[in-house]
Amino acid sequence: MSTKLRLTILSFLQFFIWGSWLITIGAYWFQTKQWSGAQFGAIFSTMGIASIFMPSLMGIVADKWVNAEKLYGALHILGGIVLFTVPLVTDPGTMFWVMLLNMIFYMPTLALSIAVSYSVLKREGLDVVKDYPPIRVWGTIGFIVAMWTVSLLGFEKSANQFYVAAGAAILLGIYSFTLPKCPPTAKDTPSRSLVDVLGLKSFALLRDTKMLTFFLFALLLGAALQLTNAYGDTFLHDFDQNPAYQNTFAVKYPAIIMSISQVSETLFILAIPFFLRRFGIKQVMLFSMIAWVLRFGLLAYGTPDNPGIWLIVLSCIVYGMAFDFFNISGSLFVETQTAPSIRASAQGLFMMMTNGFGAVLGSLVSGVVIERYFTYADQSKNWHGIWLAFAAYALVIAALFVVLFKHKHDPEAVSNTEHAEPLLSVEQA
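Residues numbered from 1 in each chain as written. Predicted model: local features only at pLDDT ≥ 70, side-chain atom pairs only at ≥ 80, totals over all residues. Heavy atoms only, no water.

Some remarks on the nonpolar core
Thinking step 1. The biggest cluster of nonpolar side chains holds 142 residues, and the ones touching the most others in it are W18, W21 and M95.
Thinking step 2. Residue contributions to this core peak at 17 residues, all from helix α6 (residues 92-123). (Core = buried A, V, L, I, M, F, W, Y, C linked by side-chain atoms within 4.5 Å. Buried < 20%, exposed > 50% of the residue type's maximum accessible area, 1.4 Å probe, protein only. Helix = DSSP H or I, 4+ residues; strand = E, 2+ residues; numbered from the N terminus.)

Right, dumping it as structure tokens:
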């Protein structure tokens, strides 16, 4: 089996696990369990809480002590065991702690999957900017396949979605132990300070003004991502209360409609190398922010029937640019700006900002705002106002980014990740 195929399987299963429940847990929560919106915000923040410390911590372990592929496999097996227990939960309080434990195991695997893939590709003499996106696109396909599987099996409102995710997690965990070895890259690096002793090298990147600004905007964009993940599916399910929309395809199979977002991802992932080389990270991330404005704005005016359904479909298409031009390009930017000895830790730091602090910010603040300003007395929601508020948030972030993020585009640096110039290290930061 070729290296690229092995990494493709890894990417597929990595996101199949997440796609099995991430978009549909809202329907399970609100329509089946009928638990409150405020409590749901807390549940969705578990991925953020876990990401604040786990990706960086596990990145440190992979950099200094344990093979990345073995750590990656162990985390997936543990996460799969936890997912098997989710259907047994009968109250939202317990659900919070179970999902938090699951996220503690799952969230660091996002960064570790990148670290493992980059390590294996470079060892084979391949170009990560050119060769990784076609591999990563299969992660998006895995997410789509999971959403369709759950939807067509009628599991969108059922606890069975967690069994699907659990089985895939354990399968990936076992498979990971067959991957090429990815030994610690900083195992023999001399330690001269407390930061070195603890392995917290990547945090020194925040001393660099450009990297600090980049990570802060990664946090703010991470918040936008959580908004669409948390509320997209349940937004369509809410139309089921209106007899005029009950028989529409979008209301019957909302996960399939929302999966158009992931189909769009597959196309935009493949476009990343061209856009990065042509425009640079600043403009590519700005494109992402503008796409977020359009994503939320189109949802504000969308409905499940004609012609409103086409606005929802268009918002899903725009999502591909919004997500990929920020998430994938951001990880490549971190890769090209940091020294080899801290790359796994740096990727963990990037995930901590996006899926950690960003997820907490997006989940908790949006929950309070929706509950206070956009929820009617009968507990129904003003979705038009919700989506417009989210669009305004993304627009403000885009305007600030243009002014505050200073980065000069160097096409040669993007094309060659093995810089002639020194990479940003602890000493330089």
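The structure having been displayed, the exposition proceeds.
Digging into the side chain of R136
Thinking step 1. With respect to the secondary-structure elements, R136 resides in helix α7 (residues 128-152).
Thinking step 2. If we ignore the near neighbours within four places in the chain, the residues touching R136 are S11, F15, E265, I269, F323 and I328. (Contact = heavy atoms within 4.5 Å.)

Brief notes about the packing of helix α4 (residues 46-64) against α6
In helix packing, the relevant descriptors are the interaxial angle and the interaxial distance, both defined with respect to the helix axes.
Thinking step 1. The N-to-C vectors of α4 and α6 enclose an angle of 45°; their axes lie 7 Å apart at closest approach. Taken together, the axis directions place α4 and α6 in an arrangement best described as oblique. Here α4 runs over α6; the crossing is right-handed. The segment α4 lies against α6, with T46, M47, I49, A50, S51, F53, M54, P55, M58 and A62 engaging F96, M99, L100, M103, I104, M107, P108 and L112.
Thinking step 2. Looking at the contact of α4 with α6, its residues break down into 16 nonpolar, two polar and no charged. (Axes fitted to C-alpha atoms, helices over the stretch in contact; angles between N-to-C directions. Parallel < 35°, antiparallel > 145°, perpendicular 65-115°, else oblique. Left-handed = near helix turned anticlockwise from the far one by under 90°. Nonpolar A, V, L, I, M, F, W, Y, C, P; charged D, E, K, R; others polar.)

Re the packing of aromatic side chains
Thinking step 1. Applying the stated criterion to the full structure yields 37 aromatic pairs.
Thinking step 2. Seen from their ring centres, Y118 and Y132 are 5.0 Å apart, and the 80° between their planes marks the pair as edge-to-face. Of the two residues, Y118 sits in helix α6 while Y132 sits in helix α7, which places them 14 residues apart along the sequence.
Thinking step 3. Take Y118: its relative accessible area is 2%, and that puts it in the buried class.
Thinking step 4. Overall, Y132 belongs to the buried group, its relative accessible area being 5%. (Phe/Tyr/Trp six-rings, centres within 6.5 Å; stacked < 30°, edge-to-face > 60°.)

Section: a nonpolar patch on the surface
Thinking step 1. On the surface, V396, L400, V402, V403 and L404 cluster together into a nonpolar patch covering about 420 Å² of accessible area.
Thinking step 2. The partly exposed category is assigned to L404, whose relative accessible area is 46%. (Patch = residues over 30% accessible without salt bridge, like charges linked within 9 Å, V, L, I, M, F, W, Y side chains within 5 Å. Areas by Shrake-Rupley, 256 points an atom, 1.4 Å probe, with all protein chains shown as cover. Salt bridge = Lys/Arg side-chain N within 4 Å of Asp/Glu carboxyl O.)

Regarding the packing of helix α13 (residues 260-279) against helix α14 (residues 281-300)
Thinking step 1. One way to put it is that α13 packs onto α14 with a least axis distance of 9 Å and a crossing angle of 150°. By the angle between their directions, the pair α13 and α14 is classed as roughly antiparallel. As α13 runs across α14, the sense of the crossing is right-handed. Side by side, α13 and α14 meet where S261, F275, L276 and F279 of the first sit next to I281, Q283, V284, F287 and R295 of the second.
Thinking step 2. Taken together, the residues of the contact of α13 with α14 sort by class into six nonpolar, two polar and one charged.

Considering the pattern of salt bridges
Thinking step 1. Taken as a whole, this structure holds three salt bridges when the rule is applied.
Thinking step 2. The salt bridge involving D131 is made with K4; its shortest N-O contact spans 3.3 Å. Of this pair, D131 sits in helix α7 while K4 sits in helix α1 (residues 3-19), placing them 127 residues apart in sequence.
Thinking step 3. A salt bridge links R136 to E265; the shortest N-O distance between them is 3.9 Å. Taken together, the positions of R136 in helix α7 and E265 in helix α13 put the pair 129 residues apart, joining distant regions of the chain.

Overview of the environment of L236
Thinking step 1. If you trace the backbone, L236 turns up in helix α10 (residues 209-237).
Thinking step 2. You can call L236 buried: its relative accessible area is 0%.
Thinking step 3. Each C-alpha atom, one on L236 and one on I312, is 9.8 Å from the other, the two residues being 76 residues apart in sequence.
Thinking step 4. Not counting the four nearest positions on each side in its chain, L236 is found in contact with A250, V251, P254, I257, M258 and I312.

What about the side chain of T375?
Thinking step 1. Its location among the elements puts T375 in the loop between α16 (343-373) and α17 (383-404).
Thinking step 2. You can call T375 buried: its relative accessible area is 18%.
Thinking step 3. Once you skip the residues sitting within four places of it in the chain, T375 turns out to touch I370, S380 and K381.

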